[in-house]
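# Summary of structural features
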Amino acid sequence: MRRKGVKAVPAAMAGGDNDEEELSPDDEHIISASEEEEGSDDERKHAKLLEAISSLGKRRRIKQTERSEASVQVSEFSVNTDGAGEKVNLSDLLGTMDKTPGAPNKTKQQLKNLQNRKETLELPLSKQQTEKIQREVAYDKSSKEVSRWETVITQNQKAEQLVFPLRQDPTGPKRMEQVVAGWKAKTPLEKEIFSLLHSNNQPVHDPVLTPAEEASIKAMSLEEAKMRRAELQKARALQSYYEAKARREKKIKSKKYHKVQNKGKKKEFLKQFDEMMKADPAGALEELKKMELSRMEERMSLKHQNSGKWAKSKAIMAKYDDSARKAMQEQLEMNKQLTQKLVVPSDDDEKSVEEADALPDFVNDPEPILDSINPWMRGMLTKELSEPEVTAVATETTIETKDEVQNGQQEEQGEDEEEEENEEEKLLREFERKRKLWQDEDDDLVPVPQEEKQVIHVDVAEAEQVARKEEVAGEDMIEISDDEDKEEEEEEEVVVSEFNSLFNRLMKSGSAPPVPEQTGAEGAELLDEGLVRVRNMDDLEALQQDVVMETTQPAPASATPAPSMETTSEPPKKKKKKKGIDPNEVLTKEAKVIKMPLAPTVVDEEEEEVHAEQTAIIKEAFAGDDVISDFLKDKRKQEKAGQAKVVDLTLPGWGEWGGVGLKPSKHKRRKFRLKVPAPPPRKDQNLPAVIISEKRNSSVASHQVSQLPFLFQNSTQFESCIRFPVGQTWNTQTAFKKLTAPKVITKMGAIIEPMSKEDLPPEKESSGAGRGAAIVLGETVEKETKKAGRRKPLRQKKSSKQ
Amino acid sequence: MHFLINEWEACYRRELNGKWDLLLRLRLLRGKGSANERKCRKYTTEMAAPGGEALATAHVERRRKGPRRYWEKTSKKDSNGEKSSVEAKQKAKKRRAAWRKRKGNLNGMVVSEAPKCNQEQTQDTSKKDNYGEKSIDGTKQKSTAEEKAAKRSDGKFISGKTDPFPGEAPIPQERLKKFQRGNKFVVPEEIRTKLKNTLTNSQEAADLAQTQAARYDLLLTEDAGFLEGDEGEDTCTISQDDIAEAVDITSGSKYFNLHLTQFGPYRLDYSRTGRHLLLAGRRGHVTCIEWQTKNLMCEMNVMEMVQDIKWLHSEAMFAVAQKKWLYIYDSKGIELHCIKKFNDVLRMQFLPYHFLLATASATGFLQYLDVSVGKEVAAINTKLGRLDVMAQNPYNAVIHLGHPNGTVSLWSPNQKEPLVKMLCHRGGVRSLTVDRTGTYMVTSGLDRKLKVYDIRAFKPLHSYFLPAGASSLSLSQRGLLSASTGDIVQVYRDVWGGGPMTKPYMAHRVRGTVWGVGYCPFEDVLGVGHAEGFTSMIVPGAGEPNFDALDMNPYRSTKQRQEWEVKALLEKVQPELISLDPGLLGTVDQATFEQKHKERVEALGYDPLAAEKFKPRMKKRGRSAAGAVEKRKKKVAHEDQRDVIRKSVEERMEKERKESAKEQLKEKKTALDRFRK
């Protein structure tokens, strides 16, 4: 049926396009409906008949001779003058179209358009050009396809370990259908079981796992997490690029450029505003407010009145110059437009007021002073410095929240100013939304009761802090003066924390994005003093230790260890100075006498021993004088040997007079005495009683690495990579296995096939435009890094060289 | 090069390997000991090896703490405080020598806490507050494992409870530091991505290894003991008999005397496992004893003067320095070798990881014998006279020699001259010893002084005057120093840790003049060889309580010994690697590197590693005029220097800011300040 209809149409219209063949099914239906249902044979016969009839009545068509070849002489006989006067118009040809009822409207329209077209058709492109274009298109297509693999490839290159075959069946329970395909219950037992299952409505083909289990199995995998992270990173980068772009654009001085830009923006904005009126009335209201503001500004200023220099000059010109007059009028128009009053629906106003009420009062309070030194940091110029201690917690939280609010507003403003809604922006917004989604999820994970618990934890620690707290009341967040107060405080804290969490959630549910914490040293200090999140017992203990430390710090005198029982001659100076003995007085240092509980018995029997004792005594008597001087002599000798020597290459009598009593000239001596650069200072320079050999230990050199492996730029980099032992002897089993894991693992007997398209990470269909931008961004990022890479190693190398 | 091997690993791996037999045996032995323990209530004590198994109730509430190592600092204050607390507890008793080897078997009547424990106890109590009755000690590990298993990716349990202590258990910084290898490398930002990846990966691997090692420190369950007197009582007055009487029978049996009056004086050597003892009388008597069981392995007289005796890598062989040559015997006393290249040997040291036997002779030669291949590695003529004072640094296998002119010289087989020569005493050096970590050296000289050196910096730390001088010194695994003066053996504690010491920790008089002293590894025992035989005395807190079974296992069987031997031989460190810094192997040989680089530069015609010179880009509209180009060049000139300067300036500014803040604080004026002059 359909085919027939389609066929019929080209028969009906003379110059129908090929494209028209592929009509929408609806059209075809229409056509087919209008067509009589007859066999194709009948139709043909009918046509023939008609032809025959028509040929009967009319005169025979004269066959015109056609000119097939261009020649100078054209025979006059062959020229036909019959149709000389009339021109064939397209309308003549197509006139029949209107009359034929079967022709579709669309085709008619197209033909009409064709008729109206005045200009001639362009020449088809040359073969080379078409080929070029085709090549380009093909390249784009294939490169896009190929670039899909890039991420996978880089990932695999980066991966510390690859397990082949890459696609492995996921572990865990599988459905029965997956395991046994085409399996049927055959044995009577099986049949019985299945019949039982069926009769009891037990799932036979349904998944074995409950939905919850399924979900838990499908919980975010590593890849997904990575993807998410990458996405976030990309968003951040994108944001920065966007900012940079905006900055750059802002810097452009060309007035014309800005004018054009502004005009475009305005247009866009108007369009958007219309949409907004329908979709987001609240947003539109904001816009209106802004307009109101601009109106106010306009009314205040004389910007578009005829008082400016330019306007005055134009006013003079206006008499003669048409364009000047026009310009002036335009300006006045602008003024009128801007000062036009806007009608604002009143109920919306109330709503906004309500919203304002929803915020607690303290939001409008000034920020507590973060930087006490800087007066500009204060919200108000003069006020009492500190508020009551108990509310400090609350105010502390308000800092954040208020910041959030402000930022949110700013952001909105910023967005409104940049009405241009390009892809980047869209993408950014998308990211923002996603992030918020995740954050909300995270928030849900931390329930309120735990927070309370934390607070209580802190209080345990605080019980010991009480004494200290009184001293440092000025900055403390939680001040506890007495044990009696403590309980109250606790309650309060709990309430406050609850409130905080509630408030935070409220803020998050609003449009305000998260704001990074205050920065700067001062802020950090303050944060340190805040509620400590005690995660485990060690932290708790650390908290206590802190307290102990701080309490002991003010009185270091009491902390000094009590003198031991028999320390008598110990000078206090020594301990303060340094542990150990000054190397300069190794031998002259007064030694500490150790008392012995038992006196050694003098053994008379052993002749040798006595002899040794005697020699010892004799040596002792003479000790000191020669030993030290000998050693010093030795040391000096060594030092001398290590010193750089001057090589004298002067040849006396060469180039000047020589002989007895004649010395080579000064100039010559200076020229031919070569000084070897001084060696580095000796290691024992500051150790008078030590001689350290400066000889190079060449035996280890054969085992050492003497050439940097590829990739490493200097030896410190390489040394950092080999500083830790890898062996089993020095590592735990897991660490050892990790350190020595092979780069590639292949499964025995498994076929390793080339990567297929299924191995690719799933494409996201949702944000096609965003993805495109992302790809572009990726390239830019790469470029950036390349640039950085080109520049920065340079610096690094420099430093390494030095 | 040789790394300090960690004991925890061994324990851990032993468990992993499923070799439970050892543990089982240990437990059995402990079980035996507990009966004795209950009998002697006055002195709670236990020896390093077998002892009473803890009663379950006695130590449940105590948290297992990491064993204290002797190189960990002990503050004086702590010990004082602990002492007082103890005193309060036991005023009634006249005197108490408390010696504790393992914490587990204290039977609830603890004598005192080790200093480190204070902090942990507070932790315990606070923990108890949270956990209620839950015992933390044994169940903690298990529970964490369960928790992990139960945890889902969202940090919640199946039951819906939240983890009160999320994440991994934190590791104390000190413990982490213990396992740090080399300095952490800060990966610079501006390097190639691939290199950066490599570097960061390696850093991560290093971190992983470090943290894991620190975590498994938990498996070092044993704690060292100590001796403590009552108030007003010096520990050095407690006699060996008293201690032996107070401790359990097995431990008490470790105090014994061997009366060998005929062939003295004796030198001795314990095997590295601490099970076997070698005794060599000056007049030729050589004995080999399994000293704990008192099982005599061999006994003979070599009919020659014996200068020194040393175990080789295992208890199967030992070397004896006889009057003329060096002999090697097996544990049955069969002469295996007579090495005539080594003559007139006076002292010997065995380097276990290099399989090197270092000998110092009367002719002034220092020789190295590789006992795995039987080759002389090096023979160095020290030209410093008779060498009768010798010690080894276990950290870097450097040999220390003491000389009559008061100097101590450090030697490696690779250098014909001393690596370091330091003047230590006015008179000759009588004895010296180096601690296990290679940080401290203790010397004694004829000037009757005892000096403690920081051998890494070659600087003296303490100098003591001993009225009678010290003839032989020895350091235990946990840093107790024994010094013998005449017939008295003194033991000192905290030789370098705290302030200067004033009196010995323990003292004991033996029958004759002391000839050699040596601590038994993994035991609280000090062996003293003297003119009248041998004395084994109990020194609480001397031995390392936790052993590394892969390195040295005191309880190893023959089969295990054989396996160990093969592994040790495979891991043998080449003698060329001996140098002052054992980490030298991990560095690039700079001299050769520079030489090679130079050659490469010559061959290539340019320096491939050199920093690229900045080439200003061509710009249009006259911005590439010579002046402009110069200006642009100047912008990037001395970038590296600028960085340094910028940093230093920042630091300075920071300092100034801090100072000014301080001053401001100081200058805060009160109303009354105006009256101040």
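What counts and how
Residues numbered from 1 in each chain as written. Chains lettered and ligands numbered in written order. Predicted model: local features only at pLDDT ≥ 70, side-chain atom pairs only at ≥ 80, totals over all residues. Heavy atoms only, no water. Pairing = 2+ DSSP bridges. Helix = DSSP H or I, 4+ residues; strand = E, 2+ residues; numbered from the N terminus. pLDDT = per-residue confidence, 0-100. Contact = heavy atoms within 4.5 Å. Core = buried A, V, L, I, M, F, W, Y, C linked by side-chain atoms within 4.5 Å. Buried < 20%, exposed > 50% of the residue type's maximum accessible area, 1.4 Å probe, protein only. Patch = residues over 30% accessible without salt bridge, like charges linked within 9 Å, V, L, I, M, F, W, Y side chains within 5 Å. Areas by Shrake-Rupley, 256 points an atom, 1.4 Å probe, with all protein chains shown as cover. Salt bridge = Lys/Arg side-chain N within 4 Å of Asp/Glu carboxyl O. Lys, Arg positive; Asp, Glu negative; His and termini not counted. Charge placed at Lys NZ, Arg CZ, Asp CG, Glu CD. Expected span 1.5 Å × (residues − 1). Axes fitted to C-alpha atoms, helices over the stretch in contact; angles between N-to-C directions.

Overall, mixed pairing links the five strands, which are arranged 2(A)-21(B)-20(B)-19(B)-18(B) in an open sheet. Looking at strand neighbours, the two that pair on one side only are strand 2 (592-593) of chain A together with strand 18 (429-434) of chain B, the edges of this open sheet. Here strand 19 (residues 440-445) of chain B pairs with strand 20 (residues 449-454) of chain B via five bridges, running antiparallel. Following the sheet pairing, Y440 of chain B is matched in strand 20 of chain B by D454 of chain B.

Residues and elements named next belong to chain B. Of all residues in chain B, 77% attain a pLDDT of 70 or more, and the chain-wide mean is 79. Every residue in residues 1-63 is under pLDDT 50, and counting partners more than four places away or in other chains gives 164 contacts. Across residues 74-147 the pLDDT falls below 50, and counting only partners more than four positions away or on other chains, this stretch makes 159 contacts in the model. The complex prediction reports pTM at 0.55, with the ipTM value standing at 0.72.

So, on to the nonpolar core. In terms of nonpolar packing, the biggest core is built from 35 residues, with Y368, M422, M441 and F458 of chain B touching the most fellow members. I243, V491, M506 and A542 of chain B belong to the second-largest nonpolar core, a separate cluster that totals 22 residues.

With that settled, the discussion passes to a positive patch on the surface. A surface patch of positive charge is lined by K255, K256, K259, K263, K266, K267 and K271 of chain A. For K266 of chain A, the position within the fold is in helix 12 (residues 255-279).

With 30 residues, helix 11 (residues 222-251) of chain A extends 43 Å from end C-alpha to end C-alpha; this agrees with the ideal 44 Å at 1.5 Å per step. Listed in full, the buried residues belonging to helix 11 of chain A are E231, L232, A235, L238 and Y242 of chain A.

Take the sheet that holds strand 24 (residues 488-492) of chain B next. Across a sheet, strands are paired by hydrogen bonds formed along the backbone, either parallel or antiparallel in direction. All names here are of chain B. Spatial strand order, 22-23-24-25: four strands in an open sheet with antiparallel pairing. With one partner strand each, in any of the chains shown, strand 22 (472-475) and strand 25 (506-509) form the two edges of the open sheet. Each strand axis lies, on average, 15° off the axis of its neighbour in the sheet, ignoring direction. Pairing of strand 23 (residues 481-485) with strand 24, which is carried by five bridges, proceeds in the antiparallel orientation. Bridging from a neighbouring strand, L481 pairs with Y492 of strand 24.

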